[in-house]
Each structure stands twice: as structure tokens, then as C-alpha cells.
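Residue strings, one per chain:
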Amino acid sequence: MHSIYYIFLLIISSINVVFLKNIQEINCNQYGSDYNTTLAFPFHLPVKPALYKSLKTYAKSTNNQYIYEIRIANQNCIPSIIFCFKHLKNLYLQNTTFCDSKQPFTFHIEYLPSSLVHLQIVDMNFKHLSKEINKFKHLKTLEFSHVPLTTLPITITDLSSLFLLSVSNSSLQSLPKHFHNIRSLTELTLHDNRYLRSIESIDRNPSLELLHIKNCPINRLPLYLPKLYHLDISRTNLTNLSGIETLGQETTKSKTFQLDENLIRSIPPSIGLITNLSRLQLRSNQLDDIPEALYDIKTLKYINLKKNKFSSTNKETIKNEFKTANPKLKVDI
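Residues numbered from 1 in each chain as written. Predicted model: local features only at pLDDT ≥ 70, side-chain atom pairs only at ≥ 80, totals over all residues. Heavy atoms only, no water.

### Observations concerning the environment of Ile121
Here's step 1: Looking at the element boundaries, Ile121 is found in strand E5 (residues 118-122).
Here's step 2: Take Ile121: its relative accessible area is 0%, and that puts it in the buried class.
Here's step 3: Non-local contacts of Ile121, meaning those with residues more than four positions away in its chain, are made with Leu93, Phe107, Phe126, Glu143, Phe144, Ser145 and Val147. (Helix = DSSP H or I, 4+ residues; strand = E, 2+ residues; numbered from the N terminus. Buried < 20%, exposed > 50% of the residue type's maximum accessible area, 1.4 Å probe, protein only. Contact = heavy atoms within 4.5 Å.)

### So, the side chain of Ser168
Here's step 1: When you line up the elements, Ser168 lands in strand E8 (residues 164-168).
Here's step 2: Residue Ser168 is classed as buried on the basis of its relative accessible area, which comes to 9%.
Here's step 3: For Ser168, the residues in contact, after removing those within four places along its chain, are Phe144, Ser145, His146, Thr189, His191 and Asn193.

### Comments concerning a positive patch on the surface
Here's step 1: A cluster of basic residues, Arg279, Lys306, Lys307 and Lys330, forms a positive patch at the surface.
Here's step 2: Looking at the element boundaries, Lys306 is found in the loop between strand E14 (302-304) and helix H3 (312-325).
Here's step 3: Owing to a relative accessible area of 38%, Lys306 belongs among the partly exposed residues under this scheme. (Patch = residues over 30% accessible without salt bridge, like charges linked within 9 Å, V, L, I, M, F, W, Y side chains within 5 Å. Areas by Shrake-Rupley, 256 points an atom, 1.4 Å probe, with all protein chains shown as cover. Salt bridge = Lys/Arg side-chain N within 4 Å of Asp/Glu carboxyl O. Lys, Arg positive; Asp, Glu negative; His and termini not counted. Charge placed at Lys NZ, Arg CZ, Asp CG, Glu CD.)

### Observations concerning the nonpolar core
Here's step 1: Counting 86 residues, the largest nonpolar core has Ile70, Ile82, Leu165 and Leu259 as its most contacted members.
Here's step 2: For Ile70, the contacting residues outside a window of four places in its chain are Leu45, Tyr58, Ala59, Ile82, Phe85, Leu88, Asn90, Leu91 and Tyr92. (Core = buried A, V, L, I, M, F, W, Y, C linked by side-chain atoms within 4.5 Å.)

### A look at the pairing of strand E9 (residues 187-191)
Here's step 1: Across the five residues that make up E9, a large majority, four, are buried.
Here's step 2: Where E9 lies against strand E10 (residues 210-214), five bridges are found, and the strand directions are parallel. Counted as the bridge partner of Leu188 is Leu211 from E10. (Pairing = 2+ DSSP bridges.)

### As for the state of the cysteines
Here's step 1: In this structure the tally under the stated criterion is two disulfides.
Here's step 2: A sulfur-sulfur separation of 2.0 Å characterises the disulfide bridge that pairs Cys77 with Cys99. Looking along the S-S bond of the Cys77-Cys99 disulfide, the torsion reads about 90°, which is the right-handed sense. In this pair, Cys77 is assigned in the loop between strand E2 (67-73) and strand E3 (90-94) and Cys99 in the loop between E3 and strand E4 (106-107), connecting sequence segments 22 residues apart.
Here's step 3: A relative accessible area of 23% means that Cys77 is categorised as partly exposed. (Disulfide = S-S within 2.5 Å.)

### Brief notes about the side chain of Ser234
Here's step 1: Looking at where Ser234 falls in the secondary structure, it is placed in strand E11 (residues 230-234).
Here's step 2: A polar contact of 3.0 Å, which involves the side chain of Ser234, links it to the side chain of Asp232.
Here's step 3: If near-sequence neighbours (up to four positions away) are discounted, Ser234 is found in contact with Ile213, Lys214, Asn215, Gln258, Asp260, Glu261 and Asn262. (Polar contact = N/O pair within 3.5 Å; in protein donor to acceptor, adjacent residues only side chain to side chain.)

### Focus: the packing of aromatic side chains
Here's step 1: This model, assessed by the stated rule, comprises eight aromatic pairs.
Here's step 2: When the ring of Tyr295 is compared with that of Phe322, the centres are 4.7 Å apart and the planes differ by 65°; the resulting orientation is edge-to-face. Residue Tyr295 is located in the loop between strand E13 (277-281) and E14, and its partner Phe322 is located in helix H3; the two are separated by 27 residues in the primary sequence. In terms of burial, Tyr295 and Phe322 fall into one category: buried.
Here's step 3: Clustering of aromatic rings is evident, with ring pairs tying together Phe83, Phe98, Phe107, Tyr111, Phe126 and Phe144.
Here's step 4: Against the face of Tyr92 rests Arg71, its NZ or CZ located 3.7 Å from the ring centre.
Here's step 5: Its end group placed over the ring of Tyr224, Arg204 keeps NZ or CZ at 4.2 Å from the ring centre. (Phe/Tyr/Trp six-rings, centres within 6.5 Å; stacked < 30°, edge-to-face > 60°. Lys NZ or Arg CZ within 6 Å of the ring centre and 35° of its normal.)

### Comments concerning the pattern of salt bridges
Here's step 1: Scanning all chains against the criterion turns up eight salt bridges.
Here's step 2: Where Arg235 meets Glu261, a salt bridge forms, and the shortest distance between an N and an O atom there is 3.5 Å. With a gap of 26 residues between them, Arg235 in the loop between E11 and strand E12 (255-258) and Glu261 in the loop between E12 and E13 connect regions that are remote in the sequence.
Here's step 3: Residue class for Glu261 comes out partly exposed when judged on its relative accessible area of 31%.
Here's step 4: Between Lys319 and Glu316 there is a salt bridge, and its shortest N-O distance comes to 3.1 Å. Here the residue Lys319 and the residue Glu316 both occupy positions in helix H3, the gap between them amounting to three residues, near one helical turn.
Here's step 5: Owing to a relative accessible area of 35%, Lys319 belongs among the partly exposed residues under this scheme.
Here's step 6: A single network of salt bridges, built from pairs that share partners, joins Arg235, Asp260, Glu261 and Arg283.

Nothing here speaks to function; it is geometry throughout.
Written out as C-alpha cells, the structure reads:
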């Protein structure tokens, strides 16, 4: 058994060496310019096409001919010469793969230029992101959709400019330890990660403002997010709202909390401590009552309590109480 495992490691190691060798052997100088490099692609990569909005594969260049944006979709594979664009800022890849990769389940992001600002990957089949992602000190947005990532490297916490991260329709099992250390992060989306059971590592992130989580089996709210003003956690295993008062305590922005289609059985009285709560959506949960504190939130403009377990009598009581306490509030129950 040990000998088989050793052989397996040797094979994986040799595959990685071949991939690195292919990258290192690229002679980018032979093309002379970014424009000439685009001509060497095995598919048409038009530069600054007049009708680029109708195309899915194209490049954009500056006046001095540096390529700063590339979009590639539905191509058989991408050649390694894509790593020759040293001024690339925006890269969008969809439904393709890398021609020279002998290790198809790892995205060797480190061969892209450090100038990268926006990266979006859709419908590509890799499970791992190399730890050298921390070289991208200018990266502001990082988006993955329909990519079977199982983990994110811990070095992602070194991305000092990242303000938007989205991982949707993926296979994430956890977030890196100390994820909250991405102090520039203001928006996080984690939709449809069916193995993601905990988001505890985002607790105490000082800058997160918008959080979107759907179809993930998490069972508790994040805690101590002082700048949060938009929360959307739906279709999860959430059963209570313990700690909700720790969200958004350092911002006066109008807050929207969408908590539809969970398993929430009760609302804590501490919800009354949330400042400037404007919209509260709790449709399709397990509620049969609400706390008195909810009637005292005068900033509330809309509340949705449909499809819960309120009795007919309780529904009428709730509507009447809100009508008295907050006449302008729109109530759906």
C-alpha cells in the first residue's frame, strides 16, 4: 500500500513539473507586441471590436497597444501565451480550460500578471486555487461560478485590495481560517455551496457591508460585523437569530435583512437594538410569534412574515399591533 502511495506522489509531482516546464518555455518576446500575441491564439481573439458587446471572446487594449482586458468563452482551450500579457487588468474566462495544463484540477493563477484587478471564472473544472494568489496586491474583485472549488487557500487573506468575493454554485466545504483578516472586503457572496456548513471565520470582519448566502447548510448567523447593512441569508439550516444585534452596529445606513426560507423558530428581543432597520423579510420560516421589541422599531418600513406558523388570531393581533405602533409600515403576513 505504501509503495502504491509513493508511486502516486511521484506521478502527481511529475505532472506538476511538466506543467511548470510548459509555462517556463514560453518565449513571449518572439511575438513583439500584445497585438501580435493575440494573433497567435488558436481561435479568433479580436482586439477592440466595434461590436464587442455582442461577442463573448475579445480583448481590449490601451492607446499604446497594451492588452488590459480579455474575455474568453466557449473555446476548446486557452494557450499558455495568455500569460504573456504583462499589463492585463481584467480577465473573464467561461466554459474553457488551459491547453498545456497537465494538472487540470488546479488553477495556477500565479502565472497571470500581478497587475490583475478583476478576475471572473465561470464553468471551468478545477477544484483548487494555488496559494500564490497572494501576489495579486491590486486584485479588487474575484468571482467564481459553477467551478467545483472545495477550498480557498489561506493566502487569500493577504489580498489587501479585495473588496468583492463571490463563490457560487461551487463545492466549498469551509472558509479559510482568519478569513476575517481581509480587511478591504465589503461584499461577499456564497450561493449554492451545498457542503458549506460554517461561516464562522468571517466573524469580526471590520469592513463587510453586504453578505449574500443562499442554499448553504449553515446553521448560525455571522457575528460582530459592524459595517453590515445588507444581509441575505436564505434556504439554509438557520434555526434562530442569536447574535443578530451584533450586526451593523457601527453604521447608520438603512439596513435590509432578508432571512427567507430558513428554519427560524424565534426572533430574539435583541433585534430591537439594531439601528436603522428598514426591511425585514422572514417569509417561509417556522415562526409562531414575534417579540414585543419588533413593534418598537420605528425605522421599519417593510416586514414580510408570510408562510410561517402563526394562528389566524395571532396574525390579526400582529397586524393590529403594527398598525398602532407604526402606521406607515407595510406588513405582509
